[in-house]
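So the chains spell out like this:
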Amino acid sequence: MKVLALLALCVGAALGKATRGNAAYTYAYNEPGMNGFYQLFTDYVPNLLTSNFDNAISSVYQTGMWLYYENVEYNQASGRVYWVHGIEISVDFPQEYSNMCSSLKFVGSPDYMNVDTWTVFEGPIFTGSEYYGEADAANLGSLTDQGSSIILTGTSPWTFYDGNSWTGSSLCLYPNTDQDTGSQGQVLNYGIYPDVKDLGITDNTIGSVRKGCWSKNVVKVEPLKAEYRGRNGAWGILEP
Ligand SMILES: [Ca+2]
Ligand SMILES: [Ca+2]
(Lines give C-alpha, C1' and ligand atoms only; values in the text may rest on other atoms or scores of the structure.)
(Ligands and ions follow the chains in the order given, each with its own letter.)
Protein backbone atom coordinates (compact mmCIF):
# COMPACT_ATOMS: atom_id res chain seq x y z
CA MET A 1 0.00 0.00 0.00
CA LYS A 2 2.84 2.36 0.85
CA VAL A 3 4.47 1.82 -2.53
CA LEU A 4 1.18 2.47 -4.28
CA ALA A 5 0.63 5.71 -2.37
CA LEU A 6 4.14 6.88 -3.19
CA LEU A 7 3.65 6.04 -6.85
CA ALA A 8 0.41 8.00 -6.95
CA LEU A 9 2.23 10.96 -5.42
CA CYS A 10 4.96 10.87 -8.07
CA VAL A 11 2.46 10.74 -10.91
CA GLY A 12 0.55 13.61 -9.36
CA ALA A 13 3.68 15.70 -9.12
CA ALA A 14 4.40 15.09 -12.79
CA LEU A 15 0.99 16.45 -13.67
CA GLY A 16 1.59 19.81 -12.03
CA LYS A 17 4.19 22.28 -10.95
CA ALA A 18 4.87 23.36 -7.39
CA THR A 19 5.85 26.96 -6.72
CA ARG A 20 8.97 27.61 -4.72
CA GLY A 21 8.76 31.38 -4.57
CA ASN A 22 6.34 34.25 -4.91
CA ALA A 23 6.02 33.88 -8.69
CA ALA A 24 2.49 32.50 -8.33
CA TYR A 25 0.14 32.47 -5.39
CA THR A 26 -3.55 33.02 -4.87
CA TYR A 27 -5.54 33.73 -1.76
CA ALA A 28 -9.04 32.40 -2.44
CA TYR A 29 -11.96 33.57 -0.29
CA ASN A 30 -15.41 32.11 0.14
CA GLU A 31 -17.09 35.53 0.28
CA PRO A 32 -16.90 38.60 -1.98
CA GLY A 33 -14.45 41.40 -1.20
CA MET A 34 -11.84 39.02 0.21
CA ASN A 35 -14.00 38.18 3.20
CA GLY A 36 -14.91 34.98 4.97
CA PHE A 37 -12.71 31.91 5.04
CA TYR A 38 -9.69 31.82 2.77
CA GLN A 39 -7.02 29.43 1.61
CA LEU A 40 -3.62 30.18 0.13
CA PHE A 41 -2.80 28.12 -2.95
CA THR A 42 0.65 27.92 -4.52
CA ASP A 43 0.30 24.63 -6.43
CA TYR A 44 -1.97 22.88 -8.85
CA VAL A 45 -5.16 21.55 -7.27
CA PRO A 46 -6.95 19.02 -9.52
CA ASN A 47 -9.81 18.59 -7.06
CA LEU A 48 -10.70 21.26 -4.50
CA LEU A 49 -12.69 18.73 -2.47
CA THR A 50 -9.31 17.58 -1.17
CA SER A 51 -8.78 21.11 0.18
CA ASN A 52 -12.33 21.24 1.51
CA PHE A 53 -12.93 24.25 -0.74
CA ASP A 54 -15.05 22.90 -3.59
CA ASN A 55 -17.53 25.38 -5.14
CA ALA A 56 -16.52 27.92 -2.51
CA ILE A 57 -14.45 30.64 -4.18
CA SER A 58 -16.09 34.08 -4.48
CA SER A 59 -13.06 36.37 -4.60
CA VAL A 60 -9.30 36.10 -5.01
CA TYR A 61 -6.14 38.10 -4.33
CA GLN A 62 -3.23 36.83 -6.39
CA THR A 63 0.00 37.27 -8.30
CA GLY A 64 0.86 35.50 -11.54
CA MET A 65 -1.67 33.82 -13.81
CA TRP A 66 -4.23 31.41 -12.39
CA LEU A 67 -6.94 29.40 -14.10
CA TYR A 68 -10.11 28.54 -12.17
CA TYR A 69 -12.15 25.63 -13.54
CA GLU A 70 -15.79 24.77 -13.03
CA ASN A 71 -15.06 21.02 -12.89
CA VAL A 72 -12.37 18.78 -11.43
CA GLU A 73 -9.18 17.82 -13.28
CA TYR A 74 -9.12 21.15 -15.11
CA ASN A 75 -12.47 20.55 -16.76
CA GLN A 76 -12.07 16.97 -17.84
CA ALA A 77 -15.83 17.49 -18.21
CA SER A 78 -16.71 20.60 -20.17
CA GLY A 79 -17.33 23.78 -18.18
CA ARG A 80 -16.41 27.41 -17.61
CA VAL A 81 -12.90 28.69 -17.01
CA TYR A 82 -11.92 31.97 -15.38
CA TRP A 83 -8.50 33.35 -16.19
CA VAL A 84 -6.92 35.91 -13.88
CA HIS A 85 -3.45 37.39 -14.18
CA GLY A 86 -1.76 40.25 -12.44
CA ILE A 87 0.47 41.50 -9.69
CA GLU A 88 -1.29 41.76 -6.33
CA ILE A 89 -4.64 41.89 -8.12
CA SER A 90 -8.01 41.45 -6.38
CA VAL A 91 -11.01 40.05 -8.21
CA ASP A 92 -14.60 39.72 -7.06
CA PHE A 93 -16.27 37.13 -9.23
CA PRO A 94 -19.85 38.16 -10.11
CA GLN A 95 -22.53 36.53 -7.94
CA GLU A 96 -23.76 34.23 -10.70
CA TYR A 97 -20.18 33.17 -11.38
CA SER A 98 -19.19 32.55 -7.77
CA ASN A 99 -18.94 29.22 -5.95
CA MET A 100 -18.22 27.20 -9.06
CA CYS A 101 -14.48 26.48 -8.94
CA SER A 102 -13.59 22.80 -8.51
CA SER A 103 -9.94 22.81 -9.68
CA LEU A 104 -7.24 25.42 -10.23
CA LYS A 105 -3.69 25.85 -11.46
CA PHE A 106 -1.15 28.54 -12.23
CA VAL A 107 0.53 29.23 -15.57
CA GLY A 108 4.21 29.90 -16.19
CA SER A 109 7.36 29.44 -14.16
CA PRO A 110 7.04 28.13 -10.62
CA ASP A 111 10.20 29.98 -9.61
CA TYR A 112 10.40 33.49 -11.01
CA MET A 113 8.17 36.14 -12.52
CA ASN A 114 8.03 36.63 -16.29
CA VAL A 115 10.23 33.68 -17.26
CA ASP A 116 10.05 32.73 -20.97
CA THR A 117 7.69 29.73 -20.95
CA TRP A 118 5.10 28.04 -23.10
CA THR A 119 2.28 25.74 -22.14
CA VAL A 120 0.22 23.69 -24.59
CA PHE A 121 -3.13 22.44 -23.30
CA GLU A 122 -4.99 19.34 -24.38
CA GLY A 123 -8.37 21.07 -24.77
CA PRO A 124 -9.51 24.50 -25.88
CA ILE A 125 -9.74 27.21 -23.17
CA PHE A 126 -6.77 25.64 -21.33
CA THR A 127 -8.56 22.48 -20.26
CA GLY A 128 -7.41 18.90 -19.69
CA SER A 129 -3.76 17.96 -19.33
CA GLU A 130 -0.86 20.15 -20.39
CA TYR A 131 2.72 20.15 -21.62
CA TYR A 132 5.01 22.84 -20.21
CA GLY A 133 8.35 24.06 -21.50
CA GLU A 134 11.03 26.70 -20.96
CA ALA A 135 13.17 25.51 -23.89
CA ASP A 136 12.93 23.94 -27.35
CA ALA A 137 10.95 20.70 -27.58
CA ALA A 138 11.33 18.21 -30.44
CA ASN A 139 7.99 16.71 -29.47
CA LEU A 140 5.36 17.30 -26.81
CA GLY A 141 5.41 13.89 -25.17
CA SER A 142 1.92 12.56 -24.63
CA LEU A 143 0.49 15.86 -25.88
CA THR A 144 2.18 15.59 -29.29
CA ASP A 145 -0.53 16.31 -31.90
CA GLN A 146 -3.05 16.94 -29.09
CA GLY A 147 -2.70 20.66 -28.40
CA SER A 148 -5.77 22.87 -28.63
CA SER A 149 -4.79 26.02 -26.68
CA ILE A 150 -1.59 27.85 -25.70
CA ILE A 151 -0.35 30.33 -23.10
CA LEU A 152 3.04 32.07 -23.30
CA THR A 153 4.76 34.02 -20.53
CA GLY A 154 7.85 36.22 -20.57
CA THR A 155 9.21 38.22 -23.48
CA SER A 156 10.37 35.69 -26.08
CA PRO A 157 8.38 34.64 -29.15
CA TRP A 158 8.11 30.90 -29.86
CA THR A 159 7.74 29.01 -33.14
CA PHE A 160 5.20 26.18 -33.25
CA TYR A 161 5.55 23.39 -35.86
CA ASP A 162 3.08 20.75 -36.98
CA GLY A 163 5.89 18.19 -37.35
CA ASN A 164 8.26 16.76 -34.77
CA SER A 165 11.83 18.11 -34.57
CA TRP A 166 10.88 21.53 -35.96
CA THR A 167 9.58 20.37 -39.33
CA GLY A 168 6.43 21.00 -41.34
CA SER A 169 4.45 24.20 -41.37
CA SER A 170 5.19 26.71 -38.67
CA LEU A 171 4.14 29.99 -37.14
CA CYS A 172 5.35 32.45 -34.52
CA LEU A 173 3.46 33.48 -31.45
CA TYR A 174 4.42 36.40 -29.24
CA PRO A 175 3.53 36.91 -25.58
CA ASN A 176 1.82 40.15 -26.46
CA THR A 177 -1.90 39.80 -25.81
CA ASP A 178 -1.70 40.97 -22.19
CA GLN A 179 0.69 42.95 -19.99
CA ASP A 180 0.60 43.76 -16.27
CA THR A 181 2.67 46.31 -14.37
CA GLY A 182 3.02 46.13 -10.60
CA SER A 183 3.43 48.97 -8.11
CA GLN A 184 7.22 48.40 -8.01
CA GLY A 185 7.40 48.47 -11.81
CA GLN A 186 7.50 44.69 -12.23
CA VAL A 187 6.12 43.58 -15.61
CA LEU A 188 4.36 40.38 -16.62
CA ASN A 189 3.76 39.57 -20.29
CA TYR A 190 1.34 36.98 -21.61
CA GLY A 191 0.24 35.48 -24.89
CA ILE A 192 -3.16 33.97 -24.15
CA TYR A 193 -4.56 31.84 -26.98
CA PRO A 194 -7.75 29.95 -26.01
CA ASP A 195 -8.12 28.12 -29.33
CA VAL A 196 -5.34 27.24 -31.78
CA LYS A 197 -7.88 27.22 -34.62
CA ASP A 198 -8.17 31.02 -34.23
CA LEU A 199 -4.43 31.22 -34.96
CA GLY A 200 -4.63 29.25 -38.20
CA ILE A 201 -3.25 26.10 -36.55
CA THR A 202 -5.19 22.92 -37.29
CA ASP A 203 -6.47 21.44 -34.03
CA ASN A 204 -4.33 18.62 -32.59
CA THR A 205 -1.32 19.12 -34.84
CA ILE A 206 1.40 20.80 -32.76
CA GLY A 207 4.46 18.55 -32.97
CA SER A 208 7.38 20.70 -31.77
CA VAL A 209 8.28 24.10 -30.34
CA ARG A 210 11.37 26.27 -30.78
CA LYS A 211 12.41 29.40 -28.94
CA GLY A 212 12.45 32.57 -31.05
CA CYS A 213 10.60 33.46 -34.24
CA TRP A 214 11.75 31.16 -37.08
CA SER A 215 8.73 31.43 -39.35
CA LYS A 216 7.42 33.97 -41.85
CA ASN A 217 3.95 33.37 -40.42
CA VAL A 218 3.60 35.73 -37.49
CA VAL A 219 0.25 35.57 -35.75
CA LYS A 220 -1.58 38.78 -34.91
CA VAL A 221 -4.73 38.46 -32.81
CA GLU A 222 -7.36 40.71 -31.30
CA PRO A 223 -6.96 41.29 -27.56
CA LEU A 224 -8.67 38.65 -25.46
CA LYS A 225 -12.12 39.66 -24.20
CA ALA A 226 -11.84 40.56 -20.53
CA GLU A 227 -14.31 41.33 -17.77
CA TYR A 228 -11.79 43.79 -16.36
CA ARG A 229 -8.44 45.19 -17.40
CA GLY A 230 -6.28 47.42 -15.23
CA ARG A 231 -2.62 48.41 -15.00
CA ASN A 232 -1.74 45.57 -12.64
CA GLY A 233 -3.95 42.81 -14.05
CA ALA A 234 -6.98 41.52 -15.86
CA TRP A 235 -9.48 38.71 -15.74
CA GLY A 236 -12.10 37.09 -17.93
CA ILE A 237 -14.55 34.25 -18.36
CA LEU A 238 -14.26 31.58 -21.04
CA GLU A 239 -17.25 29.44 -21.93
CA PRO A 240 -16.88 26.12 -23.74
CA1 LIG B 1 -17.78 23.12 -9.60
CA1 LIG C 1 -6.85 18.65 -28.28
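Residues numbered from 1 in each chain as written. Chains lettered and ligands numbered in written order. Predicted model: local features only at pLDDT ≥ 70, side-chain atom pairs only at ≥ 80, totals over all residues. Heavy atoms only, no water.

Q: When you look at the layout of surface pockets in this model, what are you seeing that I'm missing?
A: Here the idea is plain: a probe the size of a water molecule rolls over the atoms and shows the empty space left. By volume, the second largest pocket is sized at about 190 Å³. Looking at the second largest pocket, it is lined by 14 residues, and the ones nearest its centre are Gly123, Pro124, Ile125, Thr127 and Pro240. The class makeup of the residues in the lining of the second largest pocket is four nonpolar, seven polar and three charged. Here the lining of the second largest pocket gathers at least three residues from each of two domains, domain 1 (20–107) and domain 2 (113–219). (1 Å grid on protein atoms, 1.4 Å probe; cavity = no way out; pocket = protein on both sides within 12 Å on 5 of 7 lines; lining within 4 Å. Points joined across faces, edges and corners; volume = space filled by probe spheres on them. Nonpolar A, V, L, I, M, F, W, Y, C, P; charged D, E, K, R; others polar. Domains from an automatic or database assignment.)

Q: How do you make sense of the pattern of salt bridges when you look at a structure like this?
A: Oppositely charged side chains may form a pair once their charged atoms are brought near each other. Scanning all chains against the criterion turns up six salt bridges. Its salt-bridge partner being Arg229, residue Asp178 comes within 2.7 Å of it at the nearest N-O pair. Separated by 51 residues along the polypeptide, Asp178 in strand S11 (residues 178–181) and Arg229 in strand S14 (residues 228–230) bring together distant segments of the chain. The buried category is assigned to Asp178, whose relative accessible area is 4%. Where Lys225 meets Glu227, a salt bridge forms, and the shortest distance between an N and an O atom there is 3.5 Å. Judged by relative accessible area, Glu227 falls into the partly exposed class, the value being 40%. (Salt bridge = Lys/Arg side-chain N within 4 Å of Asp/Glu carboxyl O. Helix = DSSP H or I, 4+ residues; strand = E, 2+ residues; numbered from the N terminus. Buried < 20%, exposed > 50% of the residue type's maximum accessible area, 1.4 Å probe, protein only.)

Q: Help me understand the domain arrangement of the protein, please; the structure alone is not making it clear to me.
A: By a frequent convention, interface size equals the accessible area lost on bringing the separate parts together. Here the protein is partitioned into domain 1 (20–107) and domain 2 (113–219). Its C-alpha centre places domain 1 at a distance of 23 Å from the equivalent point of domain 2. Across the contact, 19 residues belong to domain 1 and 20 residues belong to domain 2. Buried area between domain 1 and domain 2, both sides added, is near 1,400 Å², and the carbon and sulfur share of it is 64%. Sorting the residues of domain 1 by area buried against domain 2 places His85, Ile87 and Val107 first, and these three jointly supply 38% of that buried surface. Here domain 1 is connected to domain 2 by one salt bridge. As a salt-bridge pair, Glu130 and Lys105 come within 2.8 Å of each other at their nearest N and O atoms. Counting across the domain 1 and domain 2 interface gives eight residue pairs in polar contact (both at pLDDT 80 or more). At the level of secondary structure, the elements contributing two or more residues to the side of domain 1 that touches domain 2 comprise strand S3 (59–69), helix H2 (72–75), strand S4 (81–92) and strand S5 (103–107). (Contact = heavy atoms within 4.5 Å. Buried area = accessible area lost by both parts, 1.4 Å probe. Polar contact = N/O pair within 3.5 Å; in protein donor to acceptor, adjacent residues only side chain to side chain.)

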